[in-house]
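Structure at a glance
Each chain, written out:
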Amino acid sequence: MCHDYGSVMAHTITTNEVRRRLQAFVKEHEGDTNEKQQAQQFWRDFYQCFGLSKSSASMFEHKVWKIDGKKGYIDSFIPGLLLVEHKSLGENLEQAFTTQAQPYFHGLKEESEKPRYIICCDFGTFHLYDLHAESKEPLVCSIQDLPKRADWFMFLADKRLE
């Protein structure tokens, strides 16, 4: 069942509105565990919290050729902004970053497609990497803390497709 996270906003969305939507998102998705069955709906609903339409927010399973010549699939991708590597609950997110997200990033041919942000997530925990930040360590939060950390993800609200 898909929850209504709010109607499309005119031109701006406040951090408080995003927090309210994230609270509803957490309630709906805090029990999700399986990447194959639940990840795409999870990300559609997450993007809606920031005013991104579920149809235009992202490409799912975006094919990329890694530097080693092998084909891979980015779980969710907003060109020039965000690459998501999603895992099932409890999987190693640091390993997902080094063995999947980074090779996918480097496999993107067009500079304009290379995202500033990478999120590795296992439903319960989010690792947010800002590739332009001095620190190479991710910001880490649990799904329950998402409403408190809404400001970390407000770059998505700035990317809304009107």
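Note that this is a predicted model, so its numbers are computed, not measured.

Here we look at the overall build of the protein chain
When its secondary structure is counted, the protein chain shows four helices and six strands. Across the protein chain, helices and strands are ordered from the amino to the carboxyl terminus as α-α-β-β-β-α-β-β-β-α. Buried residues in the protein chain amount to 48% of all 162 residues. Pairs at least 24 apart in sequence give 58% of the contacts found in the protein chain among residues at least 6 apart. For the protein chain, the accessible area works out to roughly 8,500 Å², and carbon and sulfur atoms hold 49% of it.

Thoughts on helix 2 (residues 35-48)
Helix length check: helix 2 (14 residues) gives 19 Å between terminal C-alpha atoms against 20 Å at 1.5 Å per residue, within 8%. You can read the cap of helix 2 off the contacts: a side-chain oxygen lies 3.0 Å from the backbone nitrogen of lysine 36, and it is on asparagine 34.

Conventions used here
- Counting of residues starts from 1 at the beginning of each chain's written sequence and follows it residue by residue.
- Under the rules for a predicted model, residues below a pLDDT of 70 receive no local features and side-chain atom pairs below 80 are neither given nor counted, while totals for whole chains, interfaces and linings still include all residues.
- Hydrogens and water are ignored here; the side-chain numbers use all heavy atoms of the structure.
- Secondary structure follows DSSP: runs of H or I at least 4 residues long count as helices, runs of E at least 2 residues long count as strands, and numbering of each begins at the N terminus.
- The buried label applies to any residue whose accessible area, calculated with a 1.4 Å probe on protein chains only, is under 20% of its type's maximum; exposed applies above 50%, and partly exposed to all values in between.
- A contact between two residues is defined here by any heavy atoms of the two lying within 4.5 Å.
- The method behind every accessible area is Shrake-Rupley, applied with a 1.4 Å probe, and residues are considered shielded solely by the protein chains displayed.
- The span you would expect from a helix comes to 1.5 Å times its residue count less one.
- Any pair of nitrogen or oxygen atoms within 3.5 Å is treated as a polar contact; in protein, a donor-acceptor pairing is required on top of that, and neighbouring residues in sequence qualify only through side-chain atoms on both sides.

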